[in-house]
Amino acid sequence: MTRLLHGLLLFMLHIISRLPFTILYLLADVIGFLLCHVVRYRRHLVEKNIARSFPEMTPARRSQIVRQFYRNFADNIVETIKLLHISDSEISRRMEFVNVEHIDRLLAGQRSIVAYFSHCGNWEWAPSVTLHTRRRPGDGVEFCQVYRPLRNQWFDSMMLKIRSRFGSLSFKKTSVLRDLLKLRRDGITSITGFMSDQKPSHGDPIHVISFLNRPTAVITGTATLANRLAMAAVYWDMEKISRGHYRITVRPMTDDASTCDPLDLTDRYFKMLEQTIRRDPAIWLWTHNRWKHKVSFEDNKK
């Protein structure tokens with residue numbers, strides 16, 4: 001029965017993915033309204049996060065951001081489903097990359113890259129970078145992303161399929177160091193996207209910074225790995241240009257992270273991320289319980 005239900009769901013998703021964007025966004029309007037006003041999916045958490053992050057804003061402006069967030073969240077859902085059936089030419093037209101030449105230069109110099117990224121805009125469209133760079137997956141280069149496996153194996157398998165749509169590899173967070181070392185031993189240069197804006201996992205080192213108006217524990221493993229493997233680091237600064245159109249600007253951070261203090265590199269990323277969020281608050285994933293556990297700057301001394 002479970003296999004049958006999964007088969008029917010996959011069939012429905014493929015049907016939805018073949019709909020034109022005009023119809024998909026009508027569907028997204030309905031989903032966004034239901035999530036925001038009927039189901040109220042994590043509505044209290046979203047409102048609390050935005051209020052704490054932007055105390056200088058008027059209540060009316062914060063309410064507007066909340067509504068815009070749910071609209072963007074619904075757009076993200078249908079746009080991700082669309083990846084099951086979208087042409088390379090269409091995704092290239094809708095997903096723009098600026099300063100991708102910097103990535104080409106680093107890869108040409110046999111320098112592997114850490115791409116700092118976040119849950120802004122539609123992060124699931126970012127792997128289409130392979131359509132914009134000079135090198136292609138398998139041409140002595142691999143394009144990779146780090147992920148946390150989903151609890152539901154069927155959904156996890158489907159998302160891995162979607163994320164490999166443009167030829168990239170997916171590495172589990174728990175094995176990414178081993179996977180990147182294997183690529184290096186095989187003489188393969190890589191660029192790997194790290195979604196580094198989530199809260200640290202249990203047992204991770206604690207580093208507390210000032211982020212969005214409060215003390216925040218942040219992930220340091222990305223910088224530590226880049227430092228250990230002497231990788232370059234860039235920041236992918238995503239913008240939502242209009243509905244269904246995004247831009248990522250590749251912003252250089254360092255050509256050799258082994259020369260940087262990992263904590264300094266981490267701090268630089270979060271300063272850049274905060275600028276991205278403040279520029280357009282509604283595109284960040286406010287449903288994530290980022291500040292679940294209270295921390296203070298005193299934790300850095302432990």
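Check the entry above for the structure.
Residues numbered from 1 in each chain as written. Predicted model: local features only at pLDDT ≥ 70, side-chain atom pairs only at ≥ 80, totals over all residues. Heavy atoms only, no water.

Asks: Can you walk me through the layout of surface pockets in this structure?
Replies: To find leftover empty space, one rolls a probe the size of a water molecule over the atoms. Space inside the second largest pocket adds up to approximately 210 Å³. Lining the second largest pocket we find Leu 45, Lys 48, Asn 49, Arg 52, Arg 214, Pro 215, Asn 289, Trp 291, Lys 292, His 293, Lys 294 and Val 295. Secondary structure elements with two or more residues in the lining of the second largest pocket: helix H3 (43-53) and strand E7 (214-217). For the lining of the second largest pocket, the element with the most residues is H3, which contributes four residues. (1 Å grid on protein atoms, 1.4 Å probe; cavity = no way out; pocket = protein on both sides within 12 Å on 5 of 7 lines; lining within 4 Å. Points joined across faces, edges and corners; volume = space filled by probe spheres on them. Helix = DSSP H or I, 4+ residues; strand = E, 2+ residues; numbered from the N terminus.)

Asks: What is the right way to read the pattern of salt bridges from this model?
Replies: Side chains carrying opposite charge are able to pair once their charged atoms draw close together. In this structure the tally under the stated criterion is 19 salt bridges. Notably, a salt bridge pairs Glu 96 with Arg 247, separated by 3.2 Å at the nearest N-O pair. Separated by 151 residues along the polypeptide, Glu 96 in strand E1 (residues 95-98) and Arg 247 in strand E9 (residues 245-254) bring together distant segments of the chain. Residue Arg 247 is classed as partly exposed on the basis of its relative accessible area of 24%. Across the pair Arg 163 and Glu 124 runs a salt bridge whose closest N-O atoms are separated by 2.8 Å. Here Arg 163, found in helix H7 (residues 153-163), pairs with Glu 124, found in the loop between strand E2 (113-117) and strand E3 (141-147); they are 39 residues apart in sequence, far enough to count as distant. Overlapping salt bridges bring together Asp 29, Asp 75, Lys 240 and Arg 243 as one network. (Salt bridge = Lys/Arg side-chain N within 4 Å of Asp/Glu carboxyl O. Buried < 20%, exposed > 50% of the residue type's maximum accessible area, 1.4 Å probe, protein only.)

Asks: What is the right way to read unusual backbone geometry from this model?
Replies: Only a minority of non-glycine residues have a phi that is not negative, and only a minority of peptide bonds are not trans. In the Ramachandran plot, Gln 110 falls in the positive-phi region, its phi being about 60° despite a non-glycine side chain. Positive phi, close to 55°, is recorded for Ala 230, a residue that is not glycine. Along the chain, Ala 230 falls in the loop between helix H9 (221-228) and strand E8 (232-242). Ala 230 sits in the partly exposed class, given a relative accessible area of 25%.

Asks: How do you make sense of the sheet that holds E1 when you look at a structure like this?
Replies: In sheet architecture, strand pairing relies on hydrogen bonds along the backbone and comes in two forms, parallel and antiparallel. Taken in spatial order, the seven strands line up as E1-E9-E8-E2-E5-E3-E4 in an open sheet, and their pairing is mixed. The sheet is open, and its two edges are formed by E1 and strand E4 (169-172), each paired on a single side. Looking at each pair of strands side by side, their axes are set apart by 30° on average, direction ignored. Note: E3 against strand E5 (residues 189-195), five bridges, orientation parallel. Residue pairing for E5: Val 141 is matched across the bridge by Thr 189. Sitting on the sheet, H7 is in contact with E3 and E4, with an inclination near 145° to E3. Contacts between H9 and the sheet are confined to E2 and E5, with E2 contributing the most and set at about 170° to the helix. (Pairing = 2+ DSSP bridges. Axes fitted to C-alpha atoms, helices over the stretch in contact; angles between N-to-C directions. Contact = heavy atoms within 4.5 Å.)

Asks: Sorry, what's going on with the packing of H3 against helix H4 (residues 59-82) here?
Replies: The relative placement of two packed helices is expressed as an angle between their axes plus a distance between the axes. Look at H3 against H4: their axes get within 10 Å of each other, and the N-to-C directions meet at 130°. Comparing their axes, H4 and H3 come out oblique. Once H3 is placed against H4, the crossing between them reads as right-handed. Mapping the contact onto sequence places Arg 43, Val 46, Glu 47, Ile 50 and Ala 51 in H3 and Arg 62, Ile 65, Val 66, Phe 69 and Tyr 70 in H4. A breakdown of the residues in the contact of H3 with H4 according to their chemical character gives seven nonpolar, no polar and three charged. (Parallel < 35°, antiparallel > 145°, perpendicular 65-115°, else oblique. Left-handed = near helix turned anticlockwise from the far one by under 90°. Nonpolar A, V, L, I, M, F, W, Y, C, P; charged D, E, K, R; others polar.)

Asks: Just checking my understanding: could you explain the packing of helix H2 (residues 21-38) against H4 for this structure?
Replies: Where H2 meets H4, the closest approach of the two axes is 8 Å, and the angle between their N-to-C directions is 135°. One element, H2, and the other, H4, form an angle in the oblique class. Here H2 and H4 pass one another in a crossing that is right-handed. Along its contact with H2, which presents Phe 21, Leu 24, Tyr 25, Leu 27, Ala 28, Asp 29, Ile 31, Gly 32, Leu 35 and Cys 36, the element H4 presents Tyr 70, Arg 71, Phe 73, Ala 74, Asp 75, Ile 77, Val 78, Glu 79 and Lys 82.

Asks: Honestly, the packing of aromatic side chains in this entry has me stumped. Any pointers?
Replies: What characterises a pair of aromatic rings is the spacing of the ring centres plus the angle enclosed by the ring planes. Taken as a whole and judged by the stated rule, the model has 17 aromatic pairs. For the ring pair Phe 97 and Trp 236, a centre distance of 5.8 Å and an interplane angle of 75° mean the geometry is edge-to-face. Of this pair, Phe 97 sits in strand E1 while Trp 236 is found in strand E8, placing the two residues 139 residues apart along the sequence. A relative accessible area of 10% means that Phe 97 is categorised as buried. Measuring from ring centre to ring centre gives 5.0 Å for Trp 154 and Phe 155, while their planes differ by 85°; the resulting arrangement is edge-to-face. What makes Trp 154 buried here is its relative accessible area of 18%. Residue Phe 155 is classed as partly exposed on the basis of its relative accessible area, which comes to 35%. Following the ring pairs from residue to residue traces out a cluster consisting of Phe 54, Tyr 116, Phe 211, Tyr 235, Tyr 269, Phe 270, Trp 284, Trp 286 and Trp 291. The lysine or arginine in question, Lys 82, covers the ring of Phe 21, its NZ or CZ lying 5.4 Å from the ring centre. (Phe/Tyr/Trp six-rings, centres within 6.5 Å; stacked < 30°, edge-to-face > 60°. Lys NZ or Arg CZ within 6 Å of the ring centre and 35° of its normal.)

Asks: It is not clear to me how the environment of Leu 285 should be interpreted in this structure. Could you clarify?
Replies: Relative to the assigned elements, Leu 285 resides in the segment after helix H10 (262-279). In the structure, Leu 285 is positioned 88 residues away from Asp 197 in sequence and 9.7 Å away in space, judged by C-alpha atoms. Once residues within four sequence positions are removed from consideration, Leu 285 is found in contact with Phe 69, Phe 73, His 119 and Trp 123.

Geometry only, nothing functional implied.
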